[in-house]
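Structural overview for review
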Amino acid sequence: MKHYLLLSSLIALSASAQTPKEVLVSVTTSDELEYTEFTYNEFSKVLTRTYIEYSESLLCVDTHSYNDQQQLTSILTEQDLSYGLDFDNLMPACRVDYQYDERGNRIGRDNFNRRNGQLEQSAHIVYNYDDDNRLVSEEQFWAFDPEAPFFRIVYTYNEKGQRVSAEEYAQDWFEKDVYKFSGRLEYYYDDEGRLESSPYFYVTGRDEETGEDYVELMSTDQYYYNAAGDVVKHEVLSGSGKVTNREAYYYDENVGKDEVAYPFTPEYKIGQLELSKHKLNKEEVWGTNLNTGELAFSHSVTYTYEPNTVGIDKVQADASNLMVDYNAESGSLRLEGNADGASVRIVSASGQTLLSTATATGERNISTGVLAPGTYIAIVHKPGQGTVAQKFMVR
């Protein structure tokens with residue numbers, strides 16, 4: 001799967017029947033080079049993803065759209081194409097659209113990329129399922145040739161329903177009706193049915209006389225679990241068995257992952273949560289040093305959460321005396337208690353951040369006069385005291 005020209009689908013995660021108690025709101029790296037922020041709609045589905053890569057001056061905002069069944073139908077990526085990190089310069093850079101069948105399976109995907117100042121379709125993917133709703137194959141088409149796919153993937157499963165292989169077939173450059181095996185990803189599980197390793201084999205050439213492929217092991221993904229059933233380490237090994245990349249994961253075992261709203265989409269995933277059971281707090285990343293060829297620590301990743309304010313009137317994270325009230329007459333929020341150093345964020349009912357500020361020492365009133373009539377949520381956070389969320393209405 002390392003050689004896909006298009007993004008492949010991720011393992012689907014079933015939605016929790018109950019409203020999550022928390023939402024993941026931001027992801028930051030210890031080297032302060034990357035920052036990601038999320039907002040959610042009233043169904044705890046990710047609404048926007050804002051990504052900033054400071055070293056590359058890259059600013060992207062992904063806006064997610066859903067149908068009446070809350071199935072993801074589109075992701076529009078807007079970017080500051082001048083690489084100036086300016087939200088006022090955001091322009092459409094690409095878009096992905098999705099289609100579904102009556103069983104809820106995602107059966108199609110269309111890719112659009114910016115060309116000549118507008119978005120034009122570049123590719124299309126078709127997903128095929130068996131009677132058990134298992135993905136059995138996908139076909140990838142260029143937009144200029146919707147009849148013959150340039151790439152095919154065939155999936156197989158064992159008697160337990162676990163995926164055991166994904167074989168890739170690439171279209172021949174000269175014979176469009178001929179597809180040649182190009183690679184294979186295999187899946188191996190431990191005694192408890194957990195994914196343990198995934199070796200990837202790639203065709204590096206063919207014997208001209210026999211027509212047989214030269215298939216080499218390119219890399220292997222290895223997974224390690226703790227007693228709670230969470231992936232605590234993921235390593236990528238080269239064909240020779242040398243570790244080239246490593247991630248270590250740390251969880252809050254008192255909070256299940258279904259109690260948290262995560263931005264699960266086919267384009268973005270958090271850690272290895274599809275193989276874990278609890279709330280992810282931190283990740284540490286190692287990579288191969290290009291100068292020495294040795295594995296070296298790169299950075300850590302911190303995941304920040306807030307109480308899920310969807311469908312509630314008030315949430316207080318702990319027993320602190322920090323309080324917030326809305327005064328409709330003055331059109332302002334009033335902070336009560338020891339609010340020195342607290343930060344305040346006002347979001348719409350759909351989860352979009354409209355105002356974010358840090359209060360100065362002694363400051364207690366925050367004007368909301370710029371807000372249009374509607375329902376909003378004030379989220380006040382003070383390090384060491386917790387978070388308070390208050391729903392209020394502007395008339």
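Shown above is the structure to which this text applies.
What follows is about the sheet that holds strand β26 (residues 365-367). Consider a sheet: its strands pair through backbone hydrogen bonds, and that pairing is either parallel or antiparallel. If you trace the 3 strands from one edge of the open sheet to the other, you get β22-β23-β26, paired in antiparallel fashion. Unpaired on one side and paired on the other, β22 (323-327) and β26 mark the two borders of the sheet. In this sheet, adjacent strand axes meet at a mean angle of 25° when their direction is disregarded. As paired strands, strand β23 (residues 332-336) and β26 are joined by 3 bridges and run antiparallel to one another. Along β26, the bridge assignment pairs Arg 334 with Asn 365.

The next point concerns the pairing of strand β12 (residues 179-186). For β12, a buried count of 7 out of 8 residues is recorded, marking the element as mostly surrounded by other parts of the structure. In terms of strand pairing, strand β11 (residues 163-171) meets β12 through 7 bridges, oriented antiparallel. Within β12, the position partnered with Ser 165 by the bridge is Glu 186.

Our next topic: the pairing of β22. Relative to β23, β22 runs antiparallel, the two sharing 5 bridges. The partner of Asn 327 across the bridge, within β23, is Ser 332.

Reading the values: the criteria
- The numbering scheme is per chain: residues are counted from 1 as the chain's sequence reads.
- Local features in this predicted model are restricted to residues whose pLDDT is 70 or higher, and side-chain atom pairs enter the listing and the counts only when it is 80 or higher, whereas totals over whole chains, interfaces and linings include all residues.
- Only hydrogens and water are set aside; all other atoms, that is, all heavy atoms of the structure, feed into the side-chain values.
- Here, any two strands with at least 2 DSSP bridges between them count as paired.
- Helix and strand labels come from DSSP, where a helix needs a run of H or I of at least four residues and a strand needs a run of E of at least two; each type is numbered from the N terminus.
- Geometry is summarised by axes, namely lines fitted to C-alpha atoms with helices restricted to the contacting stretch, and by angles between N-to-C directions that run from 0 to 180 degrees.
- A simple rule labels every residue: compare its accessible area, found with a 1.4 Å probe on the protein chains alone, to the largest value its type can have, and call it buried under 20%, exposed over 50%, or partly exposed in between.

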